[in-house]
Amino acid sequence: MIESDAFVQSLQDMGVNFFTGVPDSILGGIIAELMDRRLYTPAVREDEAVAMAAGAYMGGKIPAVLMQNSGLGTSLNTLISLNVIYRQPCILIVSWRGQGGKDAPEHLVMGEVMPQFLDTMKIPYRTLTEKTANEDFKWMAGTFMKQRIPLALFITKGVVKGLHP
Amino acid sequence: MRPEQGTLISRAQAMAALLELLTDQPLIVCNGFPSREVQKMADRPTHFYMIGSMGNAPAIALGVALAKPHKQVVTFDGDGNVLMGMGTLATVGALKPKNFIHVVFDNEVYGTTGNQPTISNVVPLDKVAKAAGYVNVERVLDREDLIYEFKDLLKKDGPSMLLIKVNEFAEDAGRVVLDPPEITQRFMKAIE
């Protein structure tokens, strides 16, 4: 299991210096660490978070947005009619609720279709694992610089330490 | 027809007056006619014209304001846009960025799609902003007042909202001509 502080430190080492989002239980440890470091600006909806990140990017920041995968649905229009067409990159840290069909009913459909959903939107993604973490971070930095569009890192349950291990 | 409609100025007249008072402040303009009209009247590299992502103009402006705390950031917004992203009034009110000025041109209709009514005739958006925690909130109906109030807000710590009741008239203004990536690059360079 990756420690939350190590995860946040790796993002900071990559140059990420603007964090916003809407919480999820899987992301609880990461958000607590970001708040400890006074780095987190809370949003009330995921599309708002994505738009704030776009503004921060244009103001010279490297932004990351944390959200539950349900938030991908909420922020779909902003992601494609703002970030993608204007070439405004951001790192989406997305918790994969409903993965493998084991979760509350409201998470099951998005949990199943999320990869195809991002394929359709042409948003690149990768799933974080402890073994591949170094490569995952390198992939994020490279894709951010090269493609200048949003990219997603999926966080599955138990990969990064949560609030209640 | 609304009782006050006959005496109101147009959004473009109100915008023209405000653009004269702005210099190099980053300005984020919402989608629809507002972006087209600003582009036609005074195109500046410090302008970011939104063409999609309705409801997100103040969130983009908030991101810029947080990234550039020493620059006063202005957003031109509409009533339909504010209603769509009303949660952002709460985010702004809670964060209280001092360098944030939210101008709302309230014509009570979705102008770009054919003047269908919004609900801002019965929901006073300035009062919503005040309740959400905006520090300065002004509602104006005519040109003299809007110039006076905007000058005053430029001198004050925000977050501030200037809500201007305007009529439904829209200028004959073409679509935003710059490519979106070009708008991003030009804006980033201009506010560096």
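Residues numbered from 1 in each chain as written. Chains lettered and ligands numbered in written order. Predicted model: local features only at pLDDT ≥ 70, side-chain atom pairs only at ≥ 80, totals over all residues. Heavy atoms only, no water.

Engineer: What am I meant to see in the overall build of chain B here?
Structural biologist: The number of helices and strands found in chain B is 8 helices and 8 strands. Here the C-alpha atoms of chain B give a radius of gyration of 15 Å, agreeing with the 16 Å that 2.2 N^0.38 yields for 192 residues. Overall, the C-alpha framework of chain B stretches about 45 × 35 × 30 Å when taken along its three principal axes. In chain B, 74% of the contacts between residues at least 6 apart in sequence involve partners at least 24 apart. (Helix = DSSP H or I, 4+ residues; strand = E, 2+ residues; numbered from the N terminus. Rg over C-alpha atoms; globule rule 2.2 N^0.38 Å. Contact = heavy atoms within 4.5 Å.)

Engineer: Would you mind going over the overall build of chain A with me for this structure?
Structural biologist: What chain A contains, in helices and strands, is 7 helices and 6 strands. The secondary structure elements of chain A, listed N-terminal to C-terminal, are α-β-α-β-α-β-α-α-β-α-β-α-β. Relative to its length of 165 residues, chain A is compact, with a C-alpha radius of gyration of 14 Å against a globular reference of 15 Å. Along the three orthogonal principal directions, the C-alpha set of chain A runs to about 35 × 35 × 30 Å.

Engineer: For this particular structure, what's the right way to read the packing of aromatic side chains?
Structural biologist: Two measures describe an aromatic ring pair: the distance that separates the ring centres and the angle between the ring planes. For the coordinates displayed, the defined rule picks out 8 aromatic pairs over all chains. For the ring pair F7 of chain A and F137 of chain A, a centre distance of 5.6 Å and an interplane angle of 65° mean the geometry is edge-to-face. With F7 of chain A in helix α1 (residues 4-14) and F137 of chain A in helix α7 (residues 133-147), the pair connects residues that are 130 residues apart, well separated along the chain. For F137 of chain A, a relative accessible area of 11% gives the class buried. Every member of this aromatic cluster is reached through a ring pair, and the members are Y86 of chain A together with F48 and F187 of chain B. (Phe/Tyr/Trp six-rings, centres within 6.5 Å; stacked < 30°, edge-to-face > 60°. Buried < 20%, exposed > 50% of the residue type's maximum accessible area, 1.4 Å probe, protein only.)

Engineer: For this particular structure, what's the right way to read the nonpolar core?
Structural biologist: Generally speaking, nonpolar side chains in soluble globular proteins are found buried as a group. Formed by 92 residues in total, the largest nonpolar core has its most connected members in F7 and L128 of chain A together with F48, F76 and I164 of chain B. If one sorts the elements of this core by residue count, helix α3 (residues 57-67) of chain B sits on top with 8 residues. Counting 20 residues, the second-largest nonpolar core is a separate cluster that includes A43, L72, M114 and A152 of chain A. (Core = buried A, V, L, I, M, F, W, Y, C linked by side-chain atoms within 4.5 Å.)

Engineer: When you look at helix α2 (residues 28-36) of chain A in this model, what are you seeing that I'm missing?
Structural biologist: Residues that lie three or four places apart on an α-helix share one face, since the helix turns once every 3.6 residues. Residues and elements named next belong to chain A. Where α2 is concerned, the buried positions are G28, G29, I30, I31, E33 and L34. Among the structural elements, α1, β1 (18-21), β2 (40-42) and β3 (63-68) are those in contact with the buried residues of α2. A positive backbone phi angle near 55° is found at R38, which sits one or two residues after α2.

Engineer: Got a minute to help me understand the sheet that holds strand β8 (residues 160-165) of chain B in this structure?
Structural biologist: Strand pairs in the sheet, formed through backbone hydrogen bonds, run parallel or antiparallel to each other. Residues and elements named next belong to chain B. Within the open sheet, the 6 strands sit side by side as β2-β1-β3-β4-β8-β7. Their pairing is parallel. This sheet does not close on itself; its edge strands, each paired only once, are β2 (47-49) and β7 (136-140). When the angles between neighbouring strand axes are averaged without regard to direction, this sheet yields 15°. Where strand β1 (residues 27-29) and strand β3 (residues 73-78) come together, 3 bridges link them in parallel fashion. Across the sheet, V29 pairs through a bridge with F76, a residue of β3. Sheet strands touched by helix α1 (residues 11-21): β1, β2, β3, β4 (100-106) and β8. Its angle to β4, the strand with the most contacts, is close to 155°. Across the sheet, helix α7 (residues 143-155) touches β3, β4, β7 and β8, and the angle it forms with β8 is around 170°. (Pairing = 2+ DSSP bridges. Axes fitted to C-alpha atoms, helices over the stretch in contact; angles between N-to-C directions.)

Engineer: Explanation requested: the environment of M1 of chain A in the structure shown.
Structural biologist: Secondary-structure assignment places M1 of chain A in the segment before α1. The spatial distance from the C-alpha of M1 of chain A to the C-alpha of G158 of chain A is 6.6 Å, given a sequence separation of 157 residues.

Engineer: Sorry if this is basic, but what is going on with the side chain of N99 of chain B here?
Structural biologist: Summarising the element assignment, N99 of chain B is placed in the loop between α5 (87-95) and β4. A distance of 2.9 Å separates a polar atom in the side chain of N99 of chain B from the backbone oxygen of K71 of chain B. (Polar contact = N/O pair within 3.5 Å; in protein donor to acceptor, adjacent residues only side chain to side chain.)

Engineer: How should I be thinking about the sheet that holds strand β6 (residues 151-155) of chain A in this particular structure?
Structural biologist: All names here are of chain A. Taken in spatial order, the 6 strands make up an open sheet running β2-β1-β3-β4-β6-β5, and their pairing is parallel. In the strand order of this sheet, the two ends are held by β2 and β5 (125-127), each with one partner. Sheet twist, expressed as the mean angle between neighbouring strand axes with direction ignored, is 25°. Across 3 bridges, the pairing between β1 and β2 is parallel. Note on β2: the bridge partner recorded for F19 is Y40.

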